[in-house]
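# Report on the structure
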Amino acid sequence: YAVKLLVTGGAGYVGSVCAARLVEAGHEVVVVDDLSTGHADAVPDGCRFVEGDLADVAGSLLGEGFDGVLHFAAKSLVGESMQDPAKYWHGNVITSVRLLDAMREHGTPRLVFSSTAATYGEPDVVPIPETAATQPTNTYGATKLAIDYAITSYAAAHGLAAVSLRYFNVAGAHGRFGERHATETHLIPLVLQVALGQREQVQIYGEDWPTEDGTCVRDYIHVTDLADAHLLALDHAKPGEHQIYNLGNGTGFSVRQVIDTCRAVTGHPIPAAVAPRRAGDPAVLIASSEQARVQLGWKPERASLETIVADAWRFTRERHQG
Ligand code: UFG
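Residues numbered from 1 in each chain as written. Predicted model: local features only at pLDDT ≥ 70, side-chain atom pairs only at ≥ 80, totals over all residues. Heavy atoms only, no water.

## Notes on the site of the ligand
- Taken together, 20 residues are adjacent to the ligand, and His186, Gln203, Arg218, Arg278 and Asp281 come closest.
- A distance of 2.7 Å is found between an oxygen atom of the ligand and a side-chain nitrogen or oxygen belonging to Arg218.
- Calculation on the ligand without its partners gives an accessible area of 690 Å², and the protein chains cover 91% of this total.
- Looking at the shell around the ligand, the elements with two or more residues in it are α6 (187-195) and β8 (202-205).
- Considering every element that reaches the shell around the ligand, the biggest residue donor is β8, with 3 residues.
- Looking at the shell around the ligand residue by residue, the class counts come to 11 nonpolar, 6 polar and 3 charged. (Near = heavy atom within 4 Å. Polar contact = N/O pair within 3.5 Å; in protein donor to acceptor, adjacent residues only side chain to side chain. Areas by Shrake-Rupley, 256 points an atom, 1.4 Å probe, with all protein chains shown as cover. Helix = DSSP H or I, 4+ residues; strand = E, 2+ residues; numbered from the N terminus. Nonpolar A, V, L, I, M, F, W, Y, C, P; charged D, E, K, R; others polar.)

Below is the structure:
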């Protein structure tokens, strides 16, 4: 059955892929985005697009009547969150509380929220279950955790049906939708810029970590698999409950393994140089997504790192060729 959904941040990387999947599934989708980091041409065909600040337009938009909100709009750079915390407390927390108030006022029943592995900080258990301690090591993670707390209390008090999805390292592309940040900080797109000839070499942030090859280990998840989890979450949201799920593949790859996979996929030598550690990086982040599999019935179909990198590479080359 088709429903009417508001997708905040639908001009961004994960939001645009998810909006595309929702349109493919036959839903009516309205995208709201202020284009501070997103791109108008990333809004999928078939969506109505409202350009504006979510905090300002949420009330009037939701007054139209919606079956649910998928809330992707956020500031998401860890480094920037330490330099300019106000941008994160306002842009993420205040804006999200405004959204929750507008949903409450207009009786919007369901919410799926983009939370993050950064809410856990330096993990004490690997793979990380949802019951792990939440001790964020950066402002970005702290703001996402604060929003999770707000959602929990709104759900309990006002009957909202809510699901938070805690993403691990999202990568790959879905058709013409992929990662294209003005300021790129993520490993895979940076490595692919080297293969494309846009960058001389990639820097490895430390090789003295307590891991097998000394470089940081992350759990990479394909953006299409991630988007599919949002559709399942919408179906499984229950009034008065706030469910939280980790989303990753449960397998860790080191920075060197990622670079090697990019070399194999692109056929480019991709020079790499060791640089100092980056502040705030945990050594190992691997998800336990048992709960998402068991309770949502989520089955990632593009789990191999080769597939993830190959899709990102196809997207990168197609965009480069115009
Ligand atoms: N890295 C390098 N060189 C680079 C870029 C990254 O060695 O040029 C390393 C990082 O140190 C890290 C790994 O590659 O060990 C992955 O880094 P990313 O920046 O791609 O991703 P992060 O793991 O830092 O961050 C991601 C999301 C965040 C989220 C976090 C949750 O991008 O939004 O996972 O832990 F908060």
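Having seen it, we continue.
## Remarks on the pairing of strand β5 (residues 110-116)
- Burial of β5 is extensive: 7 of the 7 residues sit out of reach of the surface.
- Both faces of β5 are covered, namely the face carrying Arg110, Val112, Ser114 and Thr116 and the face carrying Leu111, Phe113 and Ser115.
- In the sheet, strand β4 (residues 68-71) pairs with β5 via 4 bridges, with the strands oriented parallel. By the bridge assignment, Val69 is partnered in β5 with Leu111.
- The pairing of β5 with strand β6 (residues 161-167) spans 7 bridges and is parallel. Residue pairing in the sheet places Phe113 in a bridge with Ser164 of β6. (Buried < 20%, exposed > 50% of the residue type's maximum accessible area, 1.4 Å probe, protein only. Pairing = 2+ DSSP bridges.)

## A few points about unusual backbone geometry
- In this structure, Pro127 follows Val126 across a cis peptide bond, with omega equal to -10°.
- Along the chain, the position of Pro127 falls in the loop between β5 and α5 (139-158).
- Although it is not a glycine, Leu35 adopts a positive phi angle of roughly 60°.
- Phi at Ile270 is positive, roughly 45°, even though this residue is not glycine.
- With respect to the helices, strands and loops of the structure, Ile270 is situated in the loop between α8 (255-266) and β13 (272-275).

## Describing the packing of helix α4 (residues 85-106) against α5
- Contact geometry for α4 and α5: axes closest at 9 Å, N-to-C directions at 15°. Considered as vectors, α4 and α5 are oriented roughly parallel to each other. The interaxial crossing formed by α4 with α5 has right-handed handedness. Facing α4, whose interface residues are Pro85, Tyr88, Trp89, Asn92, Val93, Ser96, Val97, Leu100, Asp101 and Arg104, α5 presents Thr139, Tyr140, Ala142, Thr143, Ala146, Ile147, Ala150, Ile151, Tyr154 and His158. (Axes fitted to C-alpha atoms, helices over the stretch in contact; angles between N-to-C directions. Parallel < 35°, antiparallel > 145°, perpendicular 65-115°, else oblique. Left-handed = near helix turned anticlockwise from the far one by under 90°. Contact = heavy atoms within 4.5 Å.)

## Overview of a negative patch on the surface
- Taken together, the side chains of Asp34, Glu51, Asp53 and Asp56 make up a negatively charged region of the molecular surface.
- As for its placement among the helices and strands, Glu51 is situated in strand β3 (residues 48-51). (Patch = residues over 30% accessible without salt bridge, like charges linked within 9 Å, V, L, I, M, F, W, Y side chains within 5 Å. Salt bridge = Lys/Arg side-chain N within 4 Å of Asp/Glu carboxyl O. Lys, Arg positive; Asp, Glu negative; His and termini not counted. Charge placed at Lys NZ, Arg CZ, Asp CG, Glu CD.)

## Overview of the UniProt feature "domain: NAD-dependent epimerase/dehydratase" (unreviewed entry) in the protein chain
- When the UniProt feature table is mapped to this numbering, "domain: NAD-dependent epimerase/dehydratase" (unreviewed entry) covers residues 6-248.
- Between the end C-alpha atoms of residues 6-248 there is a gap of 25 Å, over a span that is 38% helix and 20% strand. (UniProt positions renumbered as here; feature names shortened; annotations may be inferred.)

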